[in-house]
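# Examination of the molecular architecture
What follows is the residue order along each chain.
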Amino acid sequence: MLRYKRHVQSFTEAEIAEKLKMAAALRGEGKRVYEIARVLGVTDTTYYNWLKRAERPQRSGDAELRRLRRENAQLRRAVKSLAGLAEAAQS
């Protein structure tokens with residue numbers, strides 16, 4: 001049995017961004033998804049995966065989220081300790 005290797009073409013992030021801009025223009029013209037994918041030279045599935053990836057927050061957003069969670073934890077500890085001091089003062 002013969003096995004054929006599929007050629008998997010990979011695009012850089014810059015190429016994907018450029019193709020998504022082109023796709024947005026084609027969507028504005030009323031083109032259908034399969035037509036857009038054919039113009040881009042990819043499958044419908046690849047096009048949808050690119051769209052999904054583009055909607056996700058960027059890595060810098062992850063760092064910001066971690067910073068905010070750390071700050072929130074510090075503030076919760078501070079509030080808890082102040083509440084304990086206020087309780088001790090009332091006693």
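To be clear, the structure that these remarks concern was listed above.
So, a few notes on the structure that sits alongside this text. (Residues numbered from 1 in each chain as written. Predicted model: local features only at pLDDT ≥ 70, side-chain atom pairs only at ≥ 80, totals over all residues. Heavy atoms only, no water.)

## Examining the pattern of salt bridges
- Using the criterion set out here, one finds three salt bridges in the structure.
- The shortest N-O distance in the salt bridge between Glu64 and Arg67 comes to 2.8 Å. Highlighted residues: Glu64 and Arg67, both in helix 4 (residues 59-90), separated by three residues, approximately one helical turn.
- On the basis of relative accessibility, which here comes to 36%, the residue Glu64 falls in the partly exposed class.
- Overall, the relative accessible area of 35% leaves Arg67 in the partly exposed class.
- Note that Glu71 is salt-bridged to Arg67, the shortest N-O span being 3.1 Å. Taken together, the residues Glu71 and Arg67, both in helix 4 and four residues apart, mark about one turn of the helix.
- Looking at Glu71, the relative accessible area reads 34%, which means it is partly exposed.
- Linked through salt bridges whose partners overlap, the residues forming this network are Glu64, Arg67 and Glu71. (Salt bridge = Lys/Arg side-chain N within 4 Å of Asp/Glu carboxyl O. Helix = DSSP H or I, 4+ residues; strand = E, 2+ residues; numbered from the N terminus. Buried < 20%, exposed > 50% of the residue type's maximum accessible area, 1.4 Å probe, protein only.)

## A short note on the environment of Met22
- Its place among the elements puts Met22 in helix 1 (residues 13-28).
- When the C-alpha positions of Met22 and Gly84 are compared, they lie 59 Å apart, and in sequence the two are 62 residues distant.

## Quick look at the side chain of Lys19
- By the element assignment, Lys19 lies in helix 1.
- Of the side chains with opposite charge, Glu15 comes closest to the buried, unpaired Lys19, at an N-O distance of 7.4 Å. (Lys, Arg positive; Asp, Glu negative; His and termini not counted.)

## Quick word on the packing of helix 1 against helix 3 (residues 44-55)
- Taken N-terminus to C-terminus, the directions of helix 1 and helix 3 make an angle of 105 degrees; their axes are 11 Å apart at the nearest point. The orientation of helix 1 with respect to helix 3, classified from their angle, is roughly perpendicular. Residues Glu13, Ile16, Lys19, Leu20, Ala23 and Arg27 of helix 1 form the contact with helix 3, whose own contacting residues are Tyr47, Trp50, Leu51, Arg53 and Ala54.
- Across the contact of helix 1 with helix 3, the residue classes tally to seven nonpolar, no polar and four charged. (Axes fitted to C-alpha atoms, helices over the stretch in contact; angles between N-to-C directions. Parallel < 35°, antiparallel > 145°, perpendicular 65-115°, else oblique. Contact = heavy atoms within 4.5 Å. Nonpolar A, V, L, I, M, F, W, Y, C, P; charged D, E, K, R; others polar.)

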